[in-house]
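Notes for the structure review
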Amino acid sequence: MSESVLTSEKGIGRSPAERHRPKGDGMRGFMSSSRSDYVILAIFALAVLTMPVWLAPIGAGYPDILQKFAIFGIFALGFNILFGFSGYLSFGHAAFLGTGSYAAVWMFKLLSMNALIAVVFAIVVAGIFALLIGYVSLRRSGIYFSILTLAFAQMSYNLAYSVLTPITNGETGLQTSRSDPRILDTMMGADPHILRTPDFFGIALQGWPGFYFCAILLILAFFVTMRIKNSTFGLMLFAIKSNQNRMNYTGFSTRPYLLAAFVISGMYAGLAGGLLAVTDPLAGADRMQWTASGEVVLMTILGGVGTLLGPVIGAAVMKYLEQIFSSFNEGFLHRSFDFLPTGLQDFVVTIVSPFVGEGWHLTLGLLFMIVVIFLPGGIMEGIAHLTRRFRKGETGGSGQTARTGH
Amino acid sequence: MPIETPAWSRRRLLQTSAALGAGLAIPHVFVRNAWSQDKVFCNNPTGGTVTLGFNVPQSGPYADEGADELRAFQLAVQHLNGEGDGGLVNTLKPSNLKGNGILGKKVAYVTGDTQTKSDAARASAKRMIESDKVLMISGGSSSGVAVAVQSLCQDMGVMFMAGLTHSNDTTGKDKRRYGFRHFFNAYMSGQALGPVLAEEYGTDRTAYHLTADYTWGWTQEESIKNATEALGWKTAQTVRTPLGAGDFSQYLTPVLNSGADVLILNHYGGDMVNSLRQAVTQFDMKSKQVNGKQFEIVVPLFSELMAQGAGDAVKGILGTANWDWKLDNEATKVLAKSFGEEYGSPPSQAAHTCYVQTLLYANAVETAGTFYPPEVIKALEGFEFDGMGNGPTLYRADDHQCFKDVLVVRGKENPTNQFDLMEIAKVVPRDQVTYDASIFGGELGPSDVKGCAA
């Protein structure tokens, strides 16, 4: 059901006609449909850049968590290009995240503390890595593809821990140190022995500047994803998702499209990994573990597979649970419920405490179950339901159609 | 072919976004410096409270240690605020503690889960610094995490009072000006344990190492290997096992046929509980004879919590400890009583070191008369104190490592209750485990960092 909802908007129905149109016409079709998209982009940009203001009341108005929102938003956006658009579920995307981080930290060690160089290198390395893994994995589809990617990611993780320790520094993680060469910085006359934080042409990317750097890249990534979704290439991916055999029979070789999607989403993951290293110059193998791969799948499904905005929202919800819910302890709960009478307060705290602190996984699990059972299209479907119901209410409708979905 | 221009061109959008971003960033810059007093430093407390951050593993292989550390922190905060019986606030010598908070400000605290992962620990520490405005972070039950959080604290200009971390690197090659460690390290374990091993098992032995694959395991393996080889022991093989492996049978299978007659388990926490139990019960190594000698198992870093987890398997096993609640001195008795009354069990060595670190930080702030970290650091460097349960102790200025007596302990054959699982075999005096600060390399770095106040 969810697939038909997802594909009907941007249309498989419309695609055959558009596919056979000459390129220029396709271009016009893209442009003319884009005004509302630009409005969405503008609203998105505004919402992202003002996050420090409107997320402060729920305790998320500090730089580190907002950086994580933006970074994992990028990660999930990229994952969605593969999983959401083409339907190929990769269970090893964390490998590219980790590769991006290692690549970025190595740039900090060898060349320069400039974030731009590190991020570009991270994207390139992750892209090449994705090309290699994708080339092999995409020979299969469905569950076999998922298992192949999972196997590659676990292999990378274990290699990072064992054979590759000279490159990855194992469990301790790769860090910058005073004795690194940093060739470019030294050439520019900077003292390599002073340990600096990554910067963007002189702006140190810690705290708020770090957040805005990530946020602008998130908006950029969102824009690129939007362009991909509206492009002929995006339509191809949606067509593969709807029926790959049909595509093959009509004479399309689908593998190059899939490989391109895989590499692009790997590059997004590389960018995210690079940004993790920029905001905190340390790379650990934990980032490649299968749990991290699973996390991005959860984010995407939680937010809404195949939607533009969904993965970003899913990433933010998940990071919020992980960072904020895990920090609530009993003392905090007692303070939050101190408006209640003592007996009732203790009772409420006892009920709530298994779901916060180290129990945040439980909350996440419940949330995930609720979403999958009642909103297969993720949070975005919930939002769509709400707006529809709201509009119905305005026009005095009965809300009958909104309910038929279930 | 006409191309319709959208209302917002890409360039205009990007320009606007960039301008908006810069505009939004400006207020933060002003707000930061608005409340700066004479000295600008990270999280200068302004209200009537001062917040400390306790970052401990609440999940993963070291979760038991983390839970006990958290109890100790809560007790330390109570005692600093003048609640309860005051604990070691009354026994520390020399002391400037007043039992009315720190510099008259009430002590509050926040907690976080490190998950025994560097990434998660740093994210949690950043939340404490940026959102909860903590002045000091303590805790950690893994050296990998301690090293990662310590370097973050150096960057941010926040004090780090390491909890349970035993790697040489924490105050060796990865030492930092803002980081301090009260716990002993792997090198000291090797120096203390070596002579006892030679006495008990002789000098003609071959050892097989199983090592947790991260900074602590590596340095402990190296230290124990060096100490035992200096006695004339040989090393058959050293095998690295992943942290939190759970099942160690694949690593234990080759041990008995390797020609080794001693198994050295460089594991801690849940890993040590699992590997030791498997070695003793599943492989029955303790009753085997190799090379005509009784097969022995050594666990260089030992704790009461792990002994509880491993049950009968710990009987007769030798190891070292930083502290034990059965030590015969006044401070130890006071802490064991105070902790026992609050939580119904004696404190573990992890709990002890975390409790002590919190008090030492508070005392250093009182001594310095300010929360300004460079002054607090000066008060801690070279601080010689007593009354914390370990006898006379020195916080060495060169590497921020505490030097005190080290205990060699043995799993008790006939425990009287579940908290009486270890006996103290020997107290190795401080001089015997003191080493030259330069042997591990590393640099402390500067003390005047702007950190998060910049």
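Here, residues in each chain are numbered from 1, in the same order as that chain's written sequence. Each chain takes a letter, starting from A, and each ligand takes a number, starting from 1, following the order in which they are written. pLDDT decides what is reported in this predicted model: residues at 70 or higher carry local features, side-chain atom pairs at 80 or more are listed and counted, and totals for whole chains, interfaces and linings draw on all residues regardless. For the side-chain quantities, the full set of heavy atoms in the structure was used; hydrogens and water were omitted.

Put simply, the rule reads: UniProt positions are given in the numbering used here, feature names are shortened, and annotations may be inferred rather than shown by experiment.
An unreviewed UniProt entry annotates chain B as Substrate-binding protein originating from Jiella mangrovi. For chain B, the Sequence similarities (unreviewed entry) comment in UniProt is given as "Belongs to the leucine-binding protein family."

A look at the overall build of chain B
Stated precisely, the cut-off is as follows: Here a helix means four or more residues in a row that DSSP labels H or I, a strand means two or more in a row labelled E, and each is numbered from the N terminus. A simple rule labels every residue: compare its accessible area, found with a 1.4 Å probe on the protein chains alone, to the largest value its type can have, and call it buried under 20%, exposed over 50%, or partly exposed in between.
When its secondary structure is counted, chain B shows 13 helices and 17 strands. Expressed as a percentage of its 454 residues, the buried residues of chain B come to 60%.

Focus: the packing of helix α6 (residues 63-86) of chain A against helix α13 (residues 232-242) of chain A
Residues and elements named next belong to chain A. Under the convention used in this document: Helix axes use the C-alpha atoms of the stretch in contact, all axes being lines fitted to C-alpha atoms, and the angles between their N-to-C directions lie in the range 0 to 180 degrees. Here is the rule for angles: anything less than 35 degrees is roughly parallel, anything more than 145 is roughly antiparallel, 65 through 115 is roughly perpendicular, and the remaining ranges are oblique. A contact between two residues is defined here by any heavy atoms of the two lying within 4.5 Å.
Packing of α6 against α13 brings their axes to within 7 Å, and their N-to-C directions diverge by 50 degrees. On the basis of the axis angle, α6 is oblique to α13. Along its contact with α6, which presents Ile81, Phe83, Gly84, Phe85 and Ser86, the element α13 presents Leu237, Phe238, Ile240 and Lys241.

Some remarks on the sheet that holds strand β13 (residues 384-385) of chain B
Operational definition: Strands are treated as partners if at least two bridges between them are detected by DSSP.
The antiparallel open sheet is built from three strands, whose spatial order is β13-β14-β15 (chain B). Each end of this open sheet is capped by a strand with a single partner; those strands are β13 and β15 (402-403) of chain B.

A word on unusual backbone geometry
If a residue is not glycine, its phi is most likely negative; likewise, a peptide bond is most likely trans. Residues and elements named next belong to chain B. The residue after Lys93, namely Pro94, is reached through a cis peptide bond having omega -10 degrees. Relative to the assigned elements, Pro94 resides in the loop between α2 (63-80) and β2 (106-113). A positive phi angle, close to 60 degrees, is found at Asn43, a residue other than glycine. Tracing the sequence through the fold places Asn43 in the loop between α1 (10-34) and β1 (49-56). Residue Leu103 is not a glycine yet carries a positive backbone phi of 50 degrees. Counting through the fold element by element, Leu103 comes out in the loop between α2 and β2. Of the residues examined, Leu103 reaches a relative accessible area of 31% and is grouped as partly exposed.

Quick look at the sheet that holds strand β11 (residues 296-301) of chain B
All names here are of chain B. Read from one edge to the other, the open sheet built from seven strands follows the order β7-β6-β8-β11-β12-β16-β17, with strand pairing classed as mixed. For this open sheet the edge positions go to β7 (234-241) and β17 (422-428), each flanked by a neighbour on one side alone. Taken over all neighbouring pairs, the strand axes of this sheet differ in orientation by 20 degrees on average, direction set aside. Looking at chain direction, strand β6 (residues 206-212) and strand β8 (residues 262-266) are connected through five bridges and run parallel. Bridge pairing in β8 links Ala207 to Val262. Of the strands in this sheet, β11, β12 (318-321), β16 (406-411) and β17 touch helix α5 (residues 186-201), which is tilted by about 155 degrees from β12. Sheet strands in contact with helix α8 (residues 269-282) are β8 and β11, and its direction is about 170 degrees off that of β11.

Some words on the packing of aromatic side chains
Residue and element names in this part refer to chain B. Basically, it comes down to this: Put simply, two rings from Phe, Tyr or Trp (the six-membered ring, in Trp's case) pair if the centres are within 6.5 Å, and we call them stacked under 30 degrees between planes, edge-to-face over 60, tilted for the rest.
Considering all chains together, one arrives at 32 aromatic pairs over all chains under this definition. The interplanar angle of 65 degrees and the centroid separation of 5.9 Å between the aromatic rings of Tyr62 and Tyr268 together place this pair among those described as edge-to-face. Within this pair, whereas Tyr62 is found in the loop between β1 and α2, its partner Tyr268 is found in the loop between β8 and α8, the two being separated by 206 residues in sequence. When sorted by exposure, Tyr62 lands in the same class as Tyr268, which is buried.

A word on the pairing of strand β4 (residues 159-162) of chain B
All names here are of chain B. How we decide: Crossovers are described as right-handed under a simple rule: with the strands pointing away from the observer, the path leading from the first strand over the helix to the second runs clockwise.
Alternating positions in β4 separate into two faces, Met159 and Met161 on one and Phe160 and Ala162 on the other, with burial throughout. Here strand β3 (residues 136-139) runs beside β4; their pairing, made up of four bridges, is parallel. In the strand pairing of β4, Ser138 is matched with Met161. Of the crossover connections in this fold, the one passing from β3 over helix α4 (residues 143-156) to the parallel β4 is right-handed. Taken together, the three bridges between β4 and strand β5 (residues 179-181) define a ladder with parallel strand orientation. Across the sheet, Phe160 pairs through a bridge with Gly179, a residue of β5.

With respect to the side chain of Asn81 of chain B
Residues and elements named next belong to chain B. Just so we agree on the cut-off: Under the rule applied, a polar contact is a pair of N or O atoms within 3.5 Å (in protein, one hydrogen donor and one hydrogen acceptor; residues adjacent in sequence only if both atoms are side-chain atoms).
Position of Asn81 relative to the elements: it lies in the loop between α2 and β2. A relative accessible area of 15% means that Asn81 is categorised as buried. A polar atom in the side chain of Asn81 sits 2.9 Å from the backbone nitrogen of Val107. Ignoring anything within four residues of it in the chain, the contact list for Asn81 reads Gly99, Gly101, Lys106 and Val107.

Description of the environment of Ser156 of chain A
All names here are of chain A. Mapped onto the secondary structure, Ser156 falls in helix α9 (residues 142-161). Taking the relative accessible area as the measure of exposure, Ser156 reaches 9% and is therefore buried. In this structure, the C-alpha to C-alpha distance between Ser156 and Gly92, residues 64 residues apart in sequence, is 9.6 Å. Leave out the neighbours within four places in its chain, and Ser156 touches Ala95, Phe129 and Met288.

Some details on the pattern of salt bridges
Counted only if it meets this: A pairing counts as a salt bridge when a side-chain nitrogen of Lys or Arg comes within 4 Å of a carboxyl oxygen of Asp or Glu.
Inspection of the entire model under this criterion finds 29 salt bridges over all chains. Asp119 of chain B serves as the salt-bridge partner of Arg287 of chain A, at 2.5 Å between the closest nitrogen and oxygen. Placement of Arg287 of chain A in the loop between β4 (282-283) and α16 (290-303) and of Asp119 of chain B in helix α3 (residues 118-130) is noted, with the two residues assigned to different chains. Assessed through its relative accessible area of 6%, Arg287 of chain A is described here as buried. The residue Lys326 of chain B makes a salt bridge to Asp324 of chain B at a minimum N-O spacing of 3.1 Å. Relative accessible area serves as the criterion here: at 3%, Asp324 of chain B is assigned to the buried category.

Observations concerning empty space enclosed by the protein
Rules: A cavity here means a set of 1 Å grid points, computed over protein atoms only, where a 1.4 Å probe fits but cannot escape. A pocket is an open set with protein on both sides within 12 Å along at least 5 of 7 lines, and lining residues have an atom within 4 Å of a point. Grid points are joined across faces, edges and corners, and a volume is the space filled by probe spheres set on the points. Residue polarity follows a fixed list, in which Ala, Val, Leu, Ile, Met, Phe, Trp, Tyr, Cys and Pro are nonpolar, Asp, Glu, Lys and Arg are charged, and the others, Gly among them, are polar.
Counting across every chain of the model gives three cavities of 30 Å³ or more. Taken together, Glu322, Gln323 and Ser326 of chain A together with Gly112, Asp113, Gln115, Ala120, Ala123, Ser124 and Arg127 of chain B make up the lining of the largest cavity. Elements with a minimum of two residues in the lining of the largest cavity: α17 (310-323) of chain A together with β2 and α3 of chain B. Examining the composition of the lining of the largest cavity, we find that four residues originate from one element, α3 of chain B, more than from any other. For the lining of the largest cavity, the residue count by class is two nonpolar, five polar and three charged.

Regarding the nonpolar core
Residues and elements named next belong to chain B. Put simply, the test is: Working definition of a nonpolar core: buried Ala, Val, Leu, Ile, Met, Phe, Trp, Tyr and Cys residues. They are joined through side-chain atoms within 4.5 Å. An automatic or database domain assignment supplies the start and end points of every domain.
Core analysis: the biggest nonpolar cluster contains 113 residues, and Met159, Leu263, Leu276, Ile297, Leu360 and Tyr361 have the highest contact counts within it. The element that contributes the greatest number of residues to this core is helix α11 (residues 349-368), accounting for 11 residues. Mapped onto the domain boundaries, this core takes at least three residues apiece from domain 1 (49-184 + 325-404) and domain 2 (187-321). Apart from the residues within four sequence positions on either side, Leu360 is in contact with Leu92, Met161, His182, Leu380, Phe383, Phe385, Met388 and Tyr395.

Focus: the confidence of the model for chain A
Residue and element names in this part refer to chain A. To be explicit about the condition: Confidence of the prediction at every residue is given by pLDDT, a number between 0 and 100.
Within chain A, residue pLDDT values average 84, and 88% of them lie at 70 or more. Of all helices and strands in chain A, the one with the weakest mean pLDDT is helix α1 (residues 2-10) (40), whereas helix α8 (residues 115-137) scores best (96). Long-range and interchain partners of residues 1-32, a stretch whose pLDDT sits below 50, account for 27 contacts in this model, where long-range means more than four residues apart. With pLDDT under 50 throughout, residues 397-406 is counted as low confidence; its partners more than four residues away or in other chains account for 15 contacts.

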